[in-house]
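Tertiary structure, described
Each chain is listed here by its residues.
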Amino acid sequence: MKKLILVIMCALLIMSGGAAYAEETAEASPTPVPTPSPNPVFEPNTAEPEPFNGLISLSSTNGATDEDVVRVQIRLRDLCYFSFKPTGKYQSMTANAAKAFQLRHTTDDGAAMISDGTIGAQTMDILFRHNVSRSDIASSIPIGTSQVMDNPTVGEAVKWDEVKGTLAQGSSYLITDYNTGTTFYMVYTGGENHAEMECKDAFNAGVLKGIFGGEYNFSKRAVTVSVNGRQIAASLQGYPHGEDTFSANDMNGHVCLFFDGSLSHVGSLPDAEHQELIYRASGRG
């Protein structure tokens, strides 16, 4: 009997030890749970853009902005080396215009400029001087007379911000051509950086064309404008474009009238040639 009890007790001990071992094993080896992969972190690019190094080349702008290129294109167009709409992209037509300009000019020491179509600091400096040479103009392009009459009408050089506050949209203003004394009326139709002007009828549009040589073109004229009894110096561009307010006036669009401190349509940049003509119309040019 004692032997039977001893055998039973040993069997119970063996069974309880095995169960404990099984529990310990189960606790020590849990079922693995997959760990989710973290989302990738993208750091923003905080590198500073390379500064404009003063060079604009045919193949690359080398850090120049569209505004830099537009400024060059507008100036080359003013000087009749570039006959296209400014785009802000320096491509073959702009490079060819730059080469033509360089061929016509010398450095300050009298040496020939390097005519490779690349705009560097030296070319930029000469390009924006007031006494640079224009490109030769084809005889087929009409240009109004540049001869100035005796005792021309001069005006005040008044800042655009001040003039803008005195102009009434839809009102007519008397324009006097500084060179010839020719007068005609134009209507102020609006404008943020400068005045946009349009002739109300074909008669005044014909006079406008006459001072520009008989046809609309991109040249500019020194003029004065009568505003509330004051003669104000200005510069008028001669090619209609953009929004058209009056029909049947032989003028498809408006022309731009600049006052002291006016800015261009493109890039809100100053226009050196307009500014020079404004000074001339004020008796200082």
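Now for a look at the structure at hand. No experiment lies behind these values; they were computed from the predicted model shown. (Residues numbered from 1 in each chain as written. Predicted model: local features only at pLDDT ≥ 70, side-chain atom pairs only at ≥ 80, totals over all residues. Heavy atoms only, no water.)

1. Regarding the environment of Leu174
- Here Leu174 is to be found in strand β1 (residues 172-177).
- Considering only alpha carbons, one finds Leu174 and Gln231, 57 residues apart in sequence, at a separation of 9.5 Å.
- In this structure Leu174 touches Thr183, Phe184, Tyr185, Thr224, Val225 and Ser226, once residues within four positions along its chain are discounted. (Helix = DSSP H or I, 4+ residues; strand = E, 2+ residues; numbered from the N terminus. Contact = heavy atoms within 4.5 Å.)

2. Considerations on helix α6 (residues 202-211)
- Along α6, the positions that sit buried rather than exposed are Asn204, Ala205, Val207, Leu208, Lys209 and Ile211.
- For α6, the elements touching its buried residues are β1, β2 (183-190), β4 (220-227) and β5 (230-237).
- Among the residues of α6, the N-terminal cap falls to Asp201, whose side-chain oxygen and the backbone nitrogen of Phe203 are separated by 3.3 Å.
- Positive backbone phi, approximately 95 degrees, marks Gly213, located one or two places after α6. (Buried < 20%, exposed > 50% of the residue type's maximum accessible area, 1.4 Å probe, protein only. Polar contact = N/O pair within 3.5 Å; in protein donor to acceptor, adjacent residues only side chain to side chain.)

3. Some remarks on the pairing of β4
- The buried count for β4 comes to 7 of 8 residues, which makes it a mostly enclosed element.
- The sheet contact formed by β1 and β4 spans 4 bridges and is antiparallel. Within β4, the residue paired with Ile175 across the bridge is Val225.
- Pairing of β4 with β5, which is carried by 8 bridges, proceeds in the antiparallel orientation. Bridge pairing links Ser226 to Gln231 in β5.
- In sequence, β4 turns back onto β5 through a hairpin of 2 residues, with Asn228 there showing a positive phi of about 50 degrees. (Pairing = 2+ DSSP bridges.)

4. Let's talk about the sheet that holds strand β3 (residues 195-198)
- Pairing is antiparallel around the closed barrel formed by 6 strands, whose spatial order is β1-β2-β3-β6-β5-β4. Strand-to-strand twist in this sheet, taken as the mean axis angle between neighbours without regard to direction, amounts to 45 degrees.
- In the packing of α6 onto the sheet, contacts are made with β1, β2, β4 and β5, and the angle to β2 comes to roughly 105 degrees. (Axes fitted to C-alpha atoms, helices over the stretch in contact; angles between N-to-C directions.)

5. What about the pattern of salt bridges?
- The full count for this structure, using the stated rule, is 12 salt bridges.
- The shortest N-O distance in the salt bridge between Glu273 and Arg134 comes to 2.1 Å. Taken as a pair, Glu273 in helix α7 (residues 272-281) and Arg134 in the loop between α4 (121-127) and α5 (160-164) lie far apart in primary sequence, 139 residues in all.
- The exposure class assigned to Glu273 is buried, which follows from its relative accessible area of 11%.
- Because the salt bridges share partners, they merge into one network encompassing Asp78, Arg134, Lys220, Asp271 and Glu273. (Salt bridge = Lys/Arg side-chain N within 4 Å of Asp/Glu carboxyl O.)

6. Some words on the nonpolar core
- Counting residues in each nonpolar core, the largest one holds 28 residues, and the members touching the most others are Leu167, Met186, Leu208, Leu236, Leu257 and Phe259.
- At the level of elements, α5, β1, β2, β3, α6, β4, β5 and β6 (255-258) are the ones that each hand at least two residues to this core.
- No other element matches α6, which puts 4 residues into this core.
- The contacts of Met186, once residues within four sequence positions are left out, are Ser171, Ser172, Tyr173, Ile175, Met197, Glu198, Cys199, Leu208, Leu236, Met251 and Val255.
- The next biggest cluster of nonpolar side chains, apart from the first, holds 19 residues, and it includes Tyr81, Ala95, Ala97 and Ile119. (Core = buried A, V, L, I, M, F, W, Y, C linked by side-chain atoms within 4.5 Å.)

7. Overview of the packing of aromatic side chains
- In the structure shown here, the tally under the stated rule is 3 aromatic pairs.
- With a centroid separation of 5.5 Å and an interplanar angle of 80 degrees, the aromatic rings of Tyr81 and Phe101 are classed as edge-to-face. Of the two residues, Tyr81 is situated in the loop between α2 (66-78) and α3 (92-103) and Phe101 in helix α3; the sequence distance between them amounts to 20 residues. Judged on exposure class, the residue Tyr81 and its partner Phe101 are both buried.
- An angle of 10 degrees between the planes, with centres 5.9 Å apart, marks the rings of Trp160 and Phe259 as stacked. Of the two residues, Trp160 sits in helix α5 while Phe259 sits in the loop between β6 and α7, which places them 99 residues apart along the sequence.
- Looking at Phe259, the relative accessible area reads 1%, which means it is buried.
- Here Arg71 stacks its cationic end above the ring of Phe128, 4.3 Å away from the centre of that ring. (Phe/Tyr/Trp six-rings, centres within 6.5 Å; stacked < 30°, edge-to-face > 60°. Lys NZ or Arg CZ within 6 Å of the ring centre and 35° of its normal.)

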